[in-house]
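Fold and geometry: a report
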Amino acid sequence: MKNRINFYLLEFAIDALLRQKSKNFFIVVVFTLLTFLLTSVFFITNSIKYELNTTVDALPQIIVQNMKAGRHYDIDIDNVDDILTIHGVEDAISRVWGYYYFEYGDVYFTLVGIEQFETQYKETLSKIVEKFDFDGNSSMIVGRGVQESIKK
């Protein structure tokens, strides 16, 4: 016996759907909204997880900083040696980092100090150290945005 479509069963199903149009329309709308809502939640959750995983690999595991009233203050450089004595600490890198308010342009610049022969805590800083030759003199590398602000 061949498998054929039972047209009577198909006609019965269509008639049953058409008998209660408003109820079936409401069910379709509710399920469509639920599908849209769940898909959006899963998409946003996955996006946040992806961004977190890509960012975490580039950051140090622990940052020790001195803050008073929401502002960063310097920590004594001798504290790096104390941190290295803690069991389980593999590396401790001191850094120079801060903000400079450029009054004429009404902008804040972020300043990052690079020690050429130290391990860099970010991959982008490692690329800068490899690309540029620091000859021992004080040097500064600025981006295009900083150049444009200063020229104005």
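Nothing here was measured: the structure is a model prediction, and the numbers come from that model.

Cut-offs applied
- Residues numbered from 1 in each chain as written.
- Predicted model: local features only at pLDDT ≥ 70, side-chain atom pairs only at ≥ 80, totals over all residues.
- Heavy atoms only, no water.
- Helix = DSSP H or I, 4+ residues; strand = E, 2+ residues; numbered from the N terminus.
- Rg over C-alpha atoms; globule rule 2.2 N^0.38 Å.
- Patch = residues over 30% accessible without salt bridge, like charges linked within 9 Å, V, L, I, M, F, W, Y side chains within 5 Å.
- Areas by Shrake-Rupley, 256 points an atom, 1.4 Å probe, with all protein chains shown as cover.
- Salt bridge = Lys/Arg side-chain N within 4 Å of Asp/Glu carboxyl O.
- Buried < 20%, exposed > 50% of the residue type's maximum accessible area, 1.4 Å probe, protein only.
- pLDDT = per-residue confidence, 0-100.

Our focus in this paragraph is the overall build of the protein chain. Scanning the protein chain from N- to C-terminus turns up five helices and four strands. Each helix and strand of the protein chain, ordered N terminal to C terminal, gives the series α-α-β-β-α-β-β-α-α. In terms of C-alpha radius of gyration, the protein chain reaches 31 Å, well past the compact-globule figure of 15 Å for 152 residues. Along the first, second and third principal axes, the C-alpha atoms of the protein chain reach 90 × 50 × 40 Å.

What follows deals with a nonpolar patch on the surface. A cluster of nonpolar residues, Phe26, Ile27, Val30, Phe31, Leu34, Leu37, Leu38, Val41 and Phe42, forms a patch on the protein surface that exposes about 870 Å² of accessible area. Among the secondary structure elements, Leu38 is positioned in helix α2 (residues 21-56). We classify Leu38 as partly exposed; its relative accessible area is 46%.

Here we come to the confidence of the model for the protein chain. Mean pLDDT over the protein chain: 83, with 94% of residues reaching 70 or higher. Summarising per-element confidence for the protein chain, the mean pLDDT is lowest in helix α4 (residues 123-131) (77) and highest in α2 (93).

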